[in-house]
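# Chains, contacts and geometry: an overview
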Amino acid sequence: QGDVVLEVRFAADGSVHVIRVGRGLGYGLDEEAKRVAKETQFKPATRDGKAVDATTYYRIDFQLA
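Note that the structure is a prediction, hence the values are computed from the model and not measured.

Thresholds applied
- Along each chain, residue indices are assigned from 1 in the same order as the chain's sequence is written.
- Side-chain atom pairs in this predicted model are given and counted only at pLDDT of 80 or more, local residue features only at pLDDT of at least 70, and totals for whole chains, interfaces and linings cover all residues.
- The side-chain numbers reported here are obtained from all heavy atoms of the structure, hydrogens and water having been left aside.
- For this document, the term salt bridge refers to a Lys or Arg side-chain nitrogen within 4 Å of an Asp or Glu carboxyl oxygen.
- Working definition: helices are DSSP H or I runs of at least four residues, strands are E runs of at least two. Numbering for both runs from the N terminus.
- Residue burial is assigned from relative accessible area. The probe radius is 1.4 Å, only protein chains are included, and a residue is buried under 20% of its type maximum, exposed over 50%, and partly exposed in between.
- What is meant by a nonpolar core is a set of buried Ala, Val, Leu, Ile, Met, Phe, Trp, Tyr and Cys residues, joined one to another through side-chain atoms within 4.5 Å.
- Two residues form a contact once any of their heavy atoms are found within 4.5 Å.

## Structural notes on the pattern of salt bridges
Counted according to the given criterion, the structure contains five salt bridges. Residue D3 is joined to R59 by a salt bridge in which the shortest nitrogen-to-oxygen separation is 3.1 Å. One end of the pair, D3, is in strand β1 (residues 2-10); the other, R59, is in strand β5 (residues 54-62), with 56 residues separating them in the sequence. Residue D3 is classed as buried on the basis of its relative accessible area of 16%.

As structure tokens, then:
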């Protein structure tokens, strides 16, 4: 239980690129967080009306059921 923090780039073309794991949990959860991040759908950031890349931290929380 806990969270994985990823540094990711949300690209102007709609793709997600995981740059690195900022804080991981191990036990396969870091890999699962990367998989989930890559499947994320989002609206790209814009600057002057044009889509641009944006780099940020993305936190994925894992909880025991």
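That was the structure; now back to the text.
## Overview of the nonpolar core
Counting residues in each nonpolar core, the largest one holds nine residues, listed as V4, L6, V8, F10, V16, A33, A37, I60 and F62. Among the secondary structure elements, those contributing two or more residues to this core are β1, α1 (29-38) and β5. Tallying contributions element by element places β1 first for this core, with four residues. For V16, the residues in contact, after removing those within four places along its chain, are V8, R9, F10, A37, K38, T40 and F42.

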